[in-house]
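Results of the structural survey
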Amino acid sequence: MTAAGKRVSGTGGKEGGKGARRAPFVHPGPDPSNPLHIQPIQFVGSFPDPMVRVEPALPEIAFIGRSNVGKSSLLNALVGRPGLARVSASPGKTTLLNFYRMPRLYLVDLPGYGFARASKSARAGYRRLVTAYLRERPALAGIVWLLDIRHQPSADDLEMQALLIESGRPVLGVLTKADKLTRSGIAPRVRELTEALGLQQDQIQLTSSRSSMGIAELATSIVAAAGGGNP
Ligand code: GDP
């Protein structure tokens with residue numbers, strides 16, 4: 001006699017038990033360990049002027065990285081609003097700063113750099129905007145610098161590194177798309193990139209917007225950089 005002949009029907013096999021049946025998918029919903037998920041957020045506007053005045057004045061946390069690094073996806077995951085920043089937006093908006101207000105801080109989405117097709121004058125305009133913002137913005141409390149974990153820093157990334165060092169601002173290096181590597185592939189890449197970027201280990205945060213890895217930790221660091229307390 002085979003084991004199959006003894007099976008009792010109606011309990012859902014291996015997953016069966018005393019509880020109700022599991023839903024076919026899990027809705028992500030707000031993450032209670034992410035301090036940015038539980039606060040309201042509002043789009044303030046897109047501005048070409050690095051010295052634009054926003055009211056009220058609050059600490060600003062800026063996000064910067066190469067285009068396609070996953071910045072829009074990360075912003076959406078951080079605040080738990082899938083449609084907030086546009087994913088894979090076209091190169092059109094490369095010279096605008098996007099401000100999002102939370103009760104006690106602004107998230108500032110700086111334009112992505114490194115468009116292969118950008119003209120010389122577009123590159124110069126970009127550089128002027130970002131240099132002025134990073135150097136002179138009084139409210140800038142910290143910079144979240146995004147890098148794709150799979151790639152070595154590009155020439156544009158190294159140019160940004162020089163600008164970040166020169167600005168003297170606190171920087172957190174965020175490695176994106178960690179879900180694209182195997183578990184054993186992640187640690188050596190983190191070591192290589194930490195060194196190549198000239199950052200300390202505690203200045204690196206591993207993330208994946210797809211799997212939510214590191215997102216709540218990043219949110220906590222952002223709140224701390226903006227002065228602690230509620231976001
Ligand atoms: P942005 O240009 O820096 O704003 O990058 P986007 O957020 O538009 O993302 C660029 C591409 O990378 C899109 O196709 C995203 O779906 C993809 N992407 C972004 N984040 C992740 C991630 O964490 N994991 C994976 N596998 N893909 C991602």
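The rules behind these values
- Residues numbered from 1 in each chain as written.
- Predicted model: local features only at pLDDT ≥ 70, side-chain atom pairs only at ≥ 80, totals over all residues.
- Heavy atoms only, no water.
- Helix = DSSP H or I, 4+ residues; strand = E, 2+ residues; numbered from the N terminus.
- Contact = heavy atoms within 4.5 Å.
- Areas by Shrake-Rupley, 256 points an atom, 1.4 Å probe, with all protein chains shown as cover.
- Pairing = 2+ DSSP bridges.
- Axes fitted to C-alpha atoms, helices over the stretch in contact; angles between N-to-C directions.
- Phe/Tyr/Trp six-rings, centres within 6.5 Å; stacked < 30°, edge-to-face > 60°.
- Buried < 20%, exposed > 50% of the residue type's maximum accessible area, 1.4 Å probe, protein only.
- Polar contact = N/O pair within 3.5 Å; in protein donor to acceptor, adjacent residues only side chain to side chain.
- Parallel < 35°, antiparallel > 145°, perpendicular 65-115°, else oblique.
- Nonpolar A, V, L, I, M, F, W, Y, C, P; charged D, E, K, R; others polar.
- Salt bridge = Lys/Arg side-chain N within 4 Å of Asp/Glu carboxyl O.

**Examining the overall build of the protein**
- The helix and strand inventory of the protein stands at 5 helices and 7 strands.
- The order of α-helices and β-strands along the protein, N terminus first, is β-β-α-β-β-α-β-α-β-α-β-α.
- Taking the contacts inside the protein whose residues are at least 6 apart along the sequence as the reference set, 78% of them involve residues at least 24 apart.
- Only carbon and sulfur atoms are counted for the fraction: they give 54% of the accessible area of the protein, which is about 13200 Å².

**Some remarks on the sheet that holds strand 2 (residues 60-65)**
- Reading across from one edge, 1-3-4-2-5-6-7 is the order of the 7 strands in this open sheet, with mixed pairing throughout. Two strands bound the open sheet, and with one partner strand each, they are strand 1 (42-47) and strand 7 (204-206). Sheet twist, expressed as the mean angle between neighbouring strand axes with direction ignored, is 25°.
- Sheet topology places strand 3 (residues 97-102) next to strand 4 (residues 105-109); 5 bridges connect them, and they run antiparallel. Looking at the pairing, Phe99 lines up with Val108 of strand 4.
- Helix 1 (residues 71-79) contacts strand 2, strand 3, strand 4, strand 5 (140-148) and strand 6 (171-176) of the sheet and is inclined by roughly 145° relative to strand 2.
- Helix 4 (residues 183-197) rests against strand 5, strand 6 and strand 7 of the sheet, and its axis sits at about 150° to strand 7.

**Thoughts on the packing of aromatic side chains**
- Per the stated rule, a full pass over the model turns up 3 aromatic pairs.
- Centroid distance Phe47 to Phe99: 5.5 Å. Interplanar angle 70°. Geometry classified as edge-to-face. In this pair, Phe47 is assigned in strand 1 and Phe99 in strand 3, connecting sequence segments 52 residues apart.
- Residue Phe99 is classed as buried on the basis of its relative accessible area, which comes to 0%.
- Centre to centre, the rings of Phe99 and Tyr106 are 6.0 Å apart; their planes meet at 70°, and the pair counts as edge-to-face. Tyr106 carries the same exposure label as Phe99, and that label is buried.

**Some words on the environment of Asn76**
- Inspection of the secondary structure assignment puts Asn76 in helix 1.
- Asn76 gets classed as buried once you look at its relative accessible area, which sits at 6%.
- It is 8.3 Å that separates the C-alpha atoms of Asn76 and Ser209, two residues lying 133 residues apart in sequence.
- Of the polar contacts made by the side chain of Asn76, one reaches the backbone nitrogen of Leu84; its length is 3.2 Å.

**Concerning the packing of helix 1 against helix 5 (residues 215-225)**
- Relative orientation of the contacting elements helix 1 and helix 5 amounts to 80°, with a least axis distance of 9 Å. Taken together, the axes of helix 1 and helix 5 are roughly perpendicular relative to one another. Where helix 1 abuts helix 5, its residues Leu74, Ala77 and Leu78 lie against Ile215, Leu218, Ala219 and Ile222.
- Among the residues forming the contact of helix 1 with helix 5, the class breakdown is 7 nonpolar, no polar and no charged.

**As for the pattern of salt bridges**
- Inspection of every chain in the model, using the stated rule, returns 9 salt bridges.
- Across the pair Arg135 and Glu166 runs a salt bridge whose closest N-O atoms are separated by 2.6 Å. With Arg135 in helix 2 (residues 120-136) and Glu166 in helix 3 (residues 155-167), this pair connects stretches of sequence that are 31 residues apart.
- Taking the relative accessible area as the measure of exposure, Arg135 reaches 45% and is therefore partly exposed.

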